[in-house]
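Chain by chain, the residues run as shown.
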Amino acid sequence: MIDPDAFWTPAAFAEHTGGRWLVSPPDPTLAITGVGIDSRTLAPGEAFVAIAGERFDGHAFLDKAQAAARLAIVERDVAPPDTGDGRLALLRVDSTVAALQALAARWRAVLGAAGCRIVSVCGSNGKTTTRHLLHHVLSHAGLAGSQSPKSFNNHLGVPLTLLGAKAGDDFLVAEIGTNHPGEIDALAALVRPDIAVVTSIGEEHLEFFRDLHGVAREESAVLAHIAADGTAVLPAEDRLPVPLTLPPEPAFTVIRFDLDPVAAGLALPGEHNRLNASAASAVARCFRIGDEAIAAAWPAAGHAPMRGELLHADDPARPTVINDAYNANPTSMRAALAVLGQYPSPRLAVLGDMLELGAVTASAHRDIAALAADTAERCVLIGPRFAAAAAQLALDERAVSAYPEWTHTLAADIAADLEADATVLIKGSRGMAVERLLPALDSRFDAAGRA
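Residue positions within a chain follow its written sequence, with the count starting from 1. With pLDDT at 70 or above as the cut-off, local features in this predicted model cover only qualifying residues; side-chain atom pairs require 80 or more to be listed or tallied, and sums for whole chains, interfaces and linings still use all residues. With hydrogens and water set aside, each side-chain value is computed from the structure's full complement of heavy atoms.

Student: Looking at this structure, I do not really get the overall build of the protein. What am I missing?
Tutor: On a plain count of helices and strands, the protein comes out with 16 helices and 17 strands. The dimensions of the protein, computed from C-alpha atoms along their principal axes, are 70 × 55 × 45 Å. A simple rule labels every residue: compare its accessible area, found with a 1.4 Å probe on the protein chains alone, to the largest value its type can have, and call it buried under 20%, exposed over 50%, or partly exposed in between. Relative to its full complement of 451 residues, the protein shows a buried share of 53%. Pairs of residues are marked as contacts when any of their non-hydrogen atoms sit within 4.5 Å. Sequence separation of 24 or more characterises 64% of the internal contacts of the protein that already satisfy a separation of 6 or more. Only the protein chains shown count as cover for residues, and all accessible areas are computed by the Shrake-Rupley method using a 1.4 Å probe. Counting every atom, the protein has about 19400 Å² of accessible surface; 51% of that belongs to carbon and sulfur. Secondary structure elements follow DSSP: runs of H or I of four or more residues count as helices, runs of E of two or more count as strands, with numbering from the N terminus.

Student: Explain helix α16 (residues 437–444) to me, please; I cannot follow it from the model alone.
Tutor: Helical geometry note: an α-helix holds 3.6 residues per turn, so side chains three or four residues apart project in the same direction. Within α16, the full set of buried residues consists of Leu437, Leu438, Ala440 and Leu441. Relative to the axis of α16, the buried residues are bounded by an arc of 160° and lie together on one face. Along α16, exposed side chains directed more than 90 degrees from the buried face belong to Pro439 and Ser443. Elements that come into contact with the buried residues of α16 comprise β12 (309–311), β13 (320–324), β14 (347–352), α15 (410–416) and β17 (423–427). This arc describes the spread of directions from the helix axis toward the C-beta atoms.

Student: I would appreciate a short explanation of the packing of aromatic side chains in the present structure.
Tutor: When two rings of Phe, Tyr or Trp (its six-membered ring) have centres within 6.5 Å they constitute a pair, described as stacked for plane angles under 30 degrees, edge-to-face for angles over 60, and tilted for the intermediate range. Enumeration over the complete set of coordinates arrives at six aromatic pairs. Ring plane angle 80° and centroid distance 6.4 Å describe the contact between phenylalanine 171 and phenylalanine 287, whose orientation is recorded as edge-to-face. Remark: phenylalanine 287 occurs in the loop between α10 (271–286) and α11 (291–297) and phenylalanine 171 occurs in strand β8 (residues 171–175); sequence separation between them is 116 residues. Accessibility assignment for this pair places phenylalanine 171 and phenylalanine 287 in one class, buried. Ring pairs connect the aromatic residues Phe7, Trp8, Phe13 and Trp107, which therefore count as one cluster.

Student: I would appreciate a short explanation of the nonpolar core in the present structure.
Tutor: Proteins that are soluble and globular tend to have nonpolar side chains buried together. Phe13, Ile73 and Leu163 are the most contacted members of the largest nonpolar core, which totals 56 residues. Looking at this core, the element that brings in the most residues is helix α4 (residues 96–113), giving seven residues. Excluding its chain neighbours within four sequence positions, the residues that come into contact with isoleucine 73 are Phe13, Phe48, Val49, Ala50, Leu91, Val93, Thr96, Ala99 and Leu103. Side-chain atoms within 4.5 Å link the members of a nonpolar core, which is a set of buried Ala, Val, Leu, Ile, Met, Phe, Trp, Tyr and Cys residues. Counting 29 residues, the second largest nonpolar core, distinct from the first, contains Leu134, Val137, Ala263 and Val283.

Student: Could you clarify how one ought to interpret the pattern of salt bridges in this entry?
Tutor: A side chain with one charge can pair with a side chain of the opposite charge if their charged atoms come near. Any carboxyl oxygen of Asp or Glu within 4 Å of a side-chain nitrogen of Lys or Arg constitutes a salt bridge here. Tallied over the full model, the rule gives 17 salt bridges. Between arginine 285 and aspartate 260 there is a salt bridge, and its shortest N-O distance comes to 2.9 Å. With a gap of 25 residues between them, arginine 285 in helix α10 and aspartate 260 in the loop between β11 (253–257) and α10 connect regions that are remote in the sequence. The partner of arginine 385 in a salt bridge is aspartate 353, with the nearest N and O atoms 3.0 Å apart. Here aspartate 353 lies in the loop between β14 and α13 (361–375) and arginine 385 lies in helix α14 (residues 384–393), a separation of 32 residues in the sequence. Of the residues examined, arginine 385 reaches a relative accessible area of 34% and is grouped as partly exposed.

Here's what the structure looks like:
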């Protein structure tokens, strides 16, 4: 097995990617400090991987990358930047995405040999929160490790997560996401988890998975890539709307989780969060952490940003905000509205359209619009799908306002109607960006002149 330090050299990067030098490094053994794909955030000594994306092409930013980067990995025959000291090494590969993944796969082998256990987190809902809680409980018990930054759970984020881990760590928690069939299979083959968590099966991306059985097939794909003698941590069977697909005689241990008394002290509201903490508790036991130490971690566990994040709950001069704006599907909408329903009146639900639901789009938006109207005294529904649902249901316009799209005054208008004793839920699919309401709330209830 390769020595961890030997991996982080230009010579090793060329070997593992099969690349050829357009500009050779001054010293092929000089240490590389990390890997990045954004020229603006590179740390000194890192390797810059030039990704050609839909909106930006990394090859156009080599001049900026060379200020920090030790080498750049490219997929075209490019000339070195005509500024700087000319010491930026250029490694030419067929595909920079494939090269990034090849480096990550190799580094994952190094991590495993060094004793770092890899935990993957998949599922329709709760991935980021469960990953966040896992990192919290393992760190609280004194273990060293890392987790996916933000929602680095796709074909670029997963390899960057692996490459950001340290060989001396006890654990790495890697989030794996999907919105098309086959994506989990490809990413799980890269991660090869020692412990694979599936948080839930719900109505996600039905435009591409068609139905819950398609979702379950996709999420089950991680199970084929669990490392030898590994563990699958799965929801209790009666928590699943359709079953996951397990091998007839799995070569891994299967642990089922349900609401766990050890997670009773979790500070986050909602049964769905207690289930997330229950999954994390099951993983913690795989690390031989006792229930007393697990329970001690939960009172201090906080929210992941924009996933049920509670804002201003202790400030009587501002509305309490449940910021669950990162993403949405019908399952997570119902869970968020259940949390809102636990708060006293007045309650406001600000909901943006749920995207990529395919054939169930209309019925799902009608169901959630009706539930929101039953839960909150006021609802603001934003987007063409929710607007159509509100019209079809003929909801009371005094209680439910529907807007086919955001306008430049909408956020300020919503904030103007709020009082400080209200509780506000904001939630919608990522493309709806309903968190844009927050600056308007801050402006209305600012520290200098609160309403």
